[in-house]
Amino acid sequence: MSSPHATPARRPPIAVGHAPVRPIWVCRRGCGTWPCPSARLTLRAAYDDDLVGLAVEMAGYLFDATGDLVRLNPDDMPGPEALFTRFVGWTRRTPFT
Ligand SMILES: [Zn+2]
């Protein structure tokens, strides 16, 4: 099965910055879980005029992360609500959670 965001319309400018390390989904710069606060700021800025596009992009990352994390440790992975909040929930125009 291919990733839903394997060929996105545009890629956020995170390739050389606070990018995810797969399959464990932590920030390449050691900030902790990805998307880290810096990645969120970068992504939010890149999609400032297209928050729906940001949510769709992050839903693609959620899909990929869920697959990776369940393969790594199916008995001890974050629940669906936690993963949704981590990857997509913050994309709304509200304070970061
Ligand atoms: Zn980071």
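Residues numbered from 1 in each chain as written. Predicted model: local features only at pLDDT ≥ 70, side-chain atom pairs only at ≥ 80, totals over all residues. Heavy atoms only, no water.

Q: Teacher, can you tell me more about the coordination of the zinc ion here?
A: Coordination of the zinc ion by the protein involves His18 (ND1), Cys27 (SG), Cys31 (SG) and Cys36 (SG), with metal-donor separations of 2.1 to 2.4 Å. Coordination at the zinc ion is tetrahedral, judged from the four donor atoms that bind it and the angles of 95 to 118 degrees they form at the metal. (Donors = N, O, S within 2.8 Å, 3.2 Å for Na, K, Ca; no water. Tetrahedral: all angles 85-135°; square planar, octahedral: opposite > 155°, others 65-115°.)

Q: In this structure, what is going on with unusual backbone geometry? I would like to understand it.
A: Across the chain, the bulk of peptide bonds are trans and the bulk of non-glycine residues have phi less than zero. A cis geometry characterises the amide bond from Arg22 onward to Pro23, with omega recorded as 10 degrees. The omega torsion of the bond from Trp34 to Pro35 falls at 5 degrees, within 30 degrees of zero and hence cis. As for its placement among the helices and strands, Pro35 is situated in the loop between strand S2 (26–27) and helix H1 (37–46). Positive phi outside glycine occurs at Trp25, with the angle close to 60 degrees. The class of Trp25 is buried, set by a relative accessible area of 0%. (Helix = DSSP H or I, 4+ residues; strand = E, 2+ residues; numbered from the N terminus. Buried < 20%, exposed > 50% of the residue type's maximum accessible area, 1.4 Å probe, protein only.)

Q: Before we go on, may I ask you to explain the packing of aromatic side chains in this structure?
A: Working definition: an aromatic ring pair is given by the centre-to-centre distance plus the angle between the planes. In the structure shown here, the tally under the stated rule is five aromatic pairs. Ring geometry for Trp25 and Trp34: centres 5.9 Å apart, planes at 50 degrees, overall tilted. Relative accessible area serves as the criterion here: at 0%, Trp34 is assigned to the buried category. Between the aromatic rings of Trp34 and Tyr61, the centroid separation amounts to 4.9 Å while the plane-to-plane angle is 65 degrees, which identifies the pairing as edge-to-face. Of the two residues, Trp34 sits in the loop between S2 and H1 while Tyr61 sits in helix H2 (residues 51–72), which places them 27 residues apart along the sequence. No difference in accessibility class separates Trp34 from Tyr61, as the two residues are buried. Among the aromatic side chains, those forming a connected cluster through ring pairs are Trp25, Trp34, Tyr61 and Phe87. (Phe/Tyr/Trp six-rings, centres within 6.5 Å; stacked < 30°, edge-to-face > 60°.)

Q: What's the story with a nonpolar patch on the surface in this structure? I'm lost.
A: Together, Val21, Ile24 and Leu72 make up an exposed nonpolar region whose accessible area comes to about 240 Å². Residue classification places Val21 among the partly exposed positions, given a relative accessible area of 31%. (Patch = residues over 30% accessible without salt bridge, like charges linked within 9 Å, V, L, I, M, F, W, Y side chains within 5 Å. Areas by Shrake-Rupley, 256 points an atom, 1.4 Å probe, with all protein chains shown as cover. Salt bridge = Lys/Arg side-chain N within 4 Å of Asp/Glu carboxyl O.)

Q: Help me out: how do you make sense of the nonpolar core in this one?
A: Here is a general trend for soluble globular proteins: nonpolar side chains tend to be buried in one another's company. Core analysis: the largest hydrophobic core is formed by 18 residues, its most contacted members being Trp25, Trp34, Leu43, Leu54, Met58, Tyr61 and Phe87. Elements supplying a minimum of two residues to this core: H1, H2 and helix H3 (80–87). Among the elements that line this core, the one with the most residues is H2, at seven residues. (Core = buried A, V, L, I, M, F, W, Y, C linked by side-chain atoms within 4.5 Å.)

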